[in-house]
Structures are given as C-alpha cells and as structure tokens.
Amino acid sequence: MKVLGATRFGRKNLAFIPDRPRPVPGGPAEVLIRVRYADLNPVDLHKLRARPDGTPAPPHRSPLVVGFGGSGTVVAAGGDGEDGRDASAAAAAAKARDLVGKDVCFLADPGRDGSYAEYVVCDARLVCAVPPGADMARAACVPVAGCTAFECLDKVGLPVGRGGSAGVEEGKRKRLLIVGGSGGVGSWTTQLARATYGGSIEIICTVGSPESAEWCTRMGADRTVPHDGIDEGLDAGPGGSVDAVICLSEPTRRLFDSLAGVLRPFGRICLVVAGDAIRSLDLSFVFFKSGTVWTETVFSSIRCGYHLDQAGEMATILEAMSAGSARAPLSDDWSEDVSGWEEANGEGGLIDKLDGGHTRGKYVMKITTTIYLSSRGVAISRD
C-alpha cells in the first residue's frame, strides 16, 4: 500500500512510499480500515520533530507514519480467537466483527502506524460507525480534536451530552474561558459547550486577530479577548471572574499567572499543550483559590487500557452534528480541490499551512487509493 511517511525525522522528510506492506489486524478486537480522510493535527508535526531533523527513524518504526485520526471504511476484523484480557476486550472483539463494511471515524494508536496511509489498523474501542450518508470529510474532524474537547469539558465540570446541563446550577450562568479558541479543539469546545448548555454558559475565547475573533463568534462564543489581554479583558484578583479555563496554548509563566488571576475560587483549569513551560508553573495563586489543574491528552486512555469510552464520545458528537447543534469546523480555506494528499504535502499545501500555526478550524486530507490496470484491463487496488 501507499503511505505518506518519513524515514528520517523532520517535516521536509515526509514523502510518499508506494510499497509499504498492508497492515493486518493482530487480534480479534482490531479492525482494518481503508482510510478515506486523514485528520491533520499539530501533534502530527510534533511527532515528526520528536528528534533533530535528519535523525533516522527507529528501525521498528521506519518509515514513520503519523496521523492519529480520520474516517474510512472497515474492510476486515481480526481473526477468530479468545481475547482473555478483560470483558472490555471481549466486547470490542464482538464490535469489531459488527463494524465490517461500515463507514467509520476512528482514533489511531500513537504506538502504531497512523492514518497517513491507505490502510490503518485500530482497536474497535477507538472506532465509531458514522450515520448513513454522513459526509466523511466532516466525520474525520471528530476523533482527535472532538474527543479532546469532549474530555476537556468533562474535566472542568461541564460534561457534554444528555444530562450535561446538571453541571450548571439553576439561575447561575457559568463562565468558560478558552485560550486559543479558533483552532480545531477550541472550535469543538465552543460548539459542544453551547450545544449542551445553551444560554446558561458564557463562552469567552482568546484570539490573535480580527479574523480569529469572527471565527470564534461563528462557532458560538459570546465574546473574545486578545491573547495578551486576559488581565485587561476579565476581572482578576482573589475573587476572579471565570469558573473554568481550557488552555490550548503553551502555559508560559505570564499566561498561567493571568489564568490563575481570573480563575474563581474552586475553579478548574485544563491544560492541553505542555511544552517546556509546564516544568516551571507557579501554582501558588491557584493553591490560594483551592483551584484544580487538570491535564489532557486524548491518547492517555489508549495507553492505560482504554479507560474512556472514546467511541461513545465520537458518537455523541456525531449525534450533535446530525441534530444540527454542532458542525465540523472545517477551515474556510479547506476544499475538496486542495485536500488530496499529493496536494496537501506539496509546497504551500495543507500540511505547510498547519505548520504555520495559525489555522482557524480543521484540515483533513483525502487519501486516494492507488489503482492500476492489469494486463487484462481489470482495475486492481494496489496494496
């Protein structure tokens, strides 16, 4: 099969490799997915830059194939056999068999080859069937950014979905601050909070430009403040003015001091981006306010035995999309014409735009399966 991978670390080393063996499900709970759209996320580039440019990829991961979510069609499930790890794995094996032939969206295991490929293997607990006739490009926006937003909201006391409004006391309008609200996770966070809580929550997003402010308003934000103007735009001090903060930027000392200042007593902060600054956070003011600091990475559940029902999270988001209360936040400059993976990997393509760090909304990349004609004129998929 064809993959977009790198035998050496570095964005510029990403290249097409036409003859990678097609993966095989390794257990009864796994499925093989023919990828239609790969979700593009900043973590893809972080993984490609995990070591200095030009460093050879480890032999067992060469070529390095990133991409941690997307959409496609399940074409096979793992072979028969008992998976005795736990009841969850047994249920996943039954689910895997049921998924064959269905269109799905999925999270990919970061310890394996990802979705920049014609095929990917996933555990069924990371796979969700999409409604018949659903737009597969939009479905591909859900897994990574959508699940991250879902889990962040849960951690700050604003759970998504049915019964979620119980998290807001009657007669009290909670205030949510989203730092970096115009990206993929920020866009989903705004929409899911609005879909769940309606007018009983005030959503404020930090932005870096008028265009980002307009985008956040379209997603459902009540108002925006400049990234570097949190202290001026919101009341800070012992009483604070914000119940919950979801921080989608690196929490530098200055930024975290601002967040601690505007946080209300007993408020919650969820940090999604780590970086070097995470090593020297000053928690003294948060401690004074009895605040809670959470961290979030969508891959933690995978690493600890599928602790969360992430397929269920995807299903909830897809239901909101079907109901019209949320929509996939595809960027204004995304279109089918520029989404093909050849174009996306070209100079100035979607991957370069993602690398620029100022994307509003989401990008997804269309994976086109290579077809060739046999000597008898029969079209055959090249694996």
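All of the points below concern the structure found in this document. (Residues numbered from 1 in each chain as written. Predicted model: local features only at pLDDT ≥ 70, side-chain atom pairs only at ≥ 80, totals over all residues. Heavy atoms only, no water.)

**What about the overall build of the chain?**
Operational definition: Secondary structure elements are defined from DSSP: runs of H or I of at least 4 residues count as helices, runs of E of at least 2 residues count as strands, and each element is numbered from the N terminus. We take the radius of gyration over the C-alpha atoms and set the globule estimate at 2.2 Å times the residue count to the 0.38 power. With a 1.4 Å probe rolled over the protein chains alone, any residue whose accessible area is under 20% of its type maximum counts as buried; one over 50% counts as exposed, and the rest are partly exposed. We call two residues in contact whenever any of their non-hydrogen atoms come within 4.5 Å of each other. Note on areas: these come from Shrake-Rupley sampling with a 1.4 Å probe, and a residue is covered only by the protein chains present in the view. Charge convention: Lys and Arg are scored as positive, Asp and Glu as negative, and His as well as the terminal groups of each chain are ignored. To locate a charge, take atom NZ for lysine, CZ for arginine, CG for aspartate or CD for glutamate.
Along the backbone of the chain there are 14 helices and 16 strands. Relative to the 2.2 N^0.38 estimate, which gives 21 Å for 383 residues, the radius of gyration of the chain is 21 Å and therefore close to what a compact globule would have. Across its three principal axes, the chain shows a C-alpha extent of roughly 75 × 45 × 35 Å. Here the chain holds 383 residues, and 52% of them are scored as buried. Taking contacts inside the chain between residues at least 6 apart in sequence as the whole, the part at least 24 apart equals 77%. Working note: accessible area of the chain is about 16600 Å², and carbon and sulfur atoms make up 51% of it. Charge-centre separation for the chain: the mean point of 42 positive side chains lies 2 Å from the mean point of 47 negative side chains.

**A look at the packing of aromatic side chains**
For any two aromatic rings, the description comes down to two numbers: the centre-to-centre distance and the angle of the planes. To keep things clear, this is the line we draw: Stacked, tilted and edge-to-face are the three classes assigned to paired rings of Phe, Tyr and Trp, where Trp is represented by its six-membered ring and a pair needs centres within 6.5 Å; plane angles under 30 degrees give stacked, over 60 edge-to-face, the rest tilted. Here, a charge over a ring means that NZ of Lys or CZ of Arg falls within 6 Å of the ring centre while also lying within 35 degrees of the ring normal.
Under the criterion given, the structure shown has three aromatic pairs. One cation-aromatic arrangement involves K2 over F16; the distance from NZ or CZ to the ring centre is 4.6 Å. The lysine or arginine in question, R22, covers the ring of Y119, its NZ or CZ lying 4.8 Å from the ring centre.

**Remarks on the sheet that holds strand β13 (residues 292–295)**
Short version of the rule: Pairing between two strands is assigned when DSSP locates at least 2 bridges connecting them. Axes here refer to lines fitted to C-alpha atoms; in helices the fit is confined to the stretch in contact. Angles between the N-to-C directions go from 0 to 180 degrees.
Spatially, the six strands line up as an open sheet ordered β10-β9-β8-β11-β12-β13, and their pairing is parallel. Looking at strand neighbours, the two that pair on one side only are β10 (223–226) and β13, the edges of this open sheet. Each neighbouring strand pair of the sheet contributes to a mean axis angle of 20°, computed without reference to strand direction. As paired elements, strand β12 (residues 263–271) and β13 share four bridges and run parallel to each other. Each bridged residue has a counterpart across the sheet, and for C270 the counterpart in β13 is W294. Here helix α5 (residues 184–197) sits on the sheet in contact with β8 (174–179), β9 (201–207) and β11 (242–247), set at roughly 170° to β9.

**Some points on the layout of surface pockets**
To keep it simple, the criterion reads: Space inside and on the surface of the protein is sampled on a 1 Å grid over the protein atoms alone, with a cavity defined as a set of points where a 1.4 Å probe fits but cannot get out and a pocket as an open set with protein on both sides within 12 Å along at least 5 of 7 lines; lining residues have an atom within 4 Å of a point. Grid points are joined across faces, edges and corners, and a volume is the space filled by probe spheres set on the points. Gly is put with the polar residues, along with every residue not named as nonpolar or charged; the nonpolar set is Ala, Val, Leu, Ile, Met, Phe, Trp, Tyr, Cys and Pro, and the charged set is Asp, Glu, Lys and Arg.
The space that makes up the largest pocket amounts to roughly 1400 Å³. Contributing to the lining of the largest pocket are 47 residues, with P42, V43, H46, L248 and V273 lying nearest its centre. Where the lining of the largest pocket is concerned, the elements lending two or more residues are α1 (42–48), α4 (142–155), α5, β9 and α14 (350–355). Here the residues of the lining of the largest pocket are counted per class, giving 18 nonpolar, 22 polar and seven charged.

**Side note on the pattern of salt bridges**
As a reminder, the rule being used: Just to be clear on terms, a salt bridge is a Lys or Arg side-chain nitrogen sitting within 4 Å of an Asp or Glu carboxyl oxygen.
Applying the stated criterion across every chain yields a total of 21 salt bridges. Close ionic contact of E202 with R223 constitutes a salt bridge, the shortest N to O distance being 3.4 Å. Remark: R223 occurs in strand β10 and E202 occurs in strand β9; sequence separation between them is 21 residues. Put simply, K353 and D333 hold a salt bridge, and the shortest N to O gap is 3.5 Å. With K353 in helix α14 and D333 in the loop between α11 (310–323) and α12 (336–339), this residue pair connects regions lying 20 residues apart in the sequence. Overall, K353 belongs to the partly exposed group, its relative accessible area being 35%. One salt-bridge network, held together by shared partners, links R11, K12 and D352.

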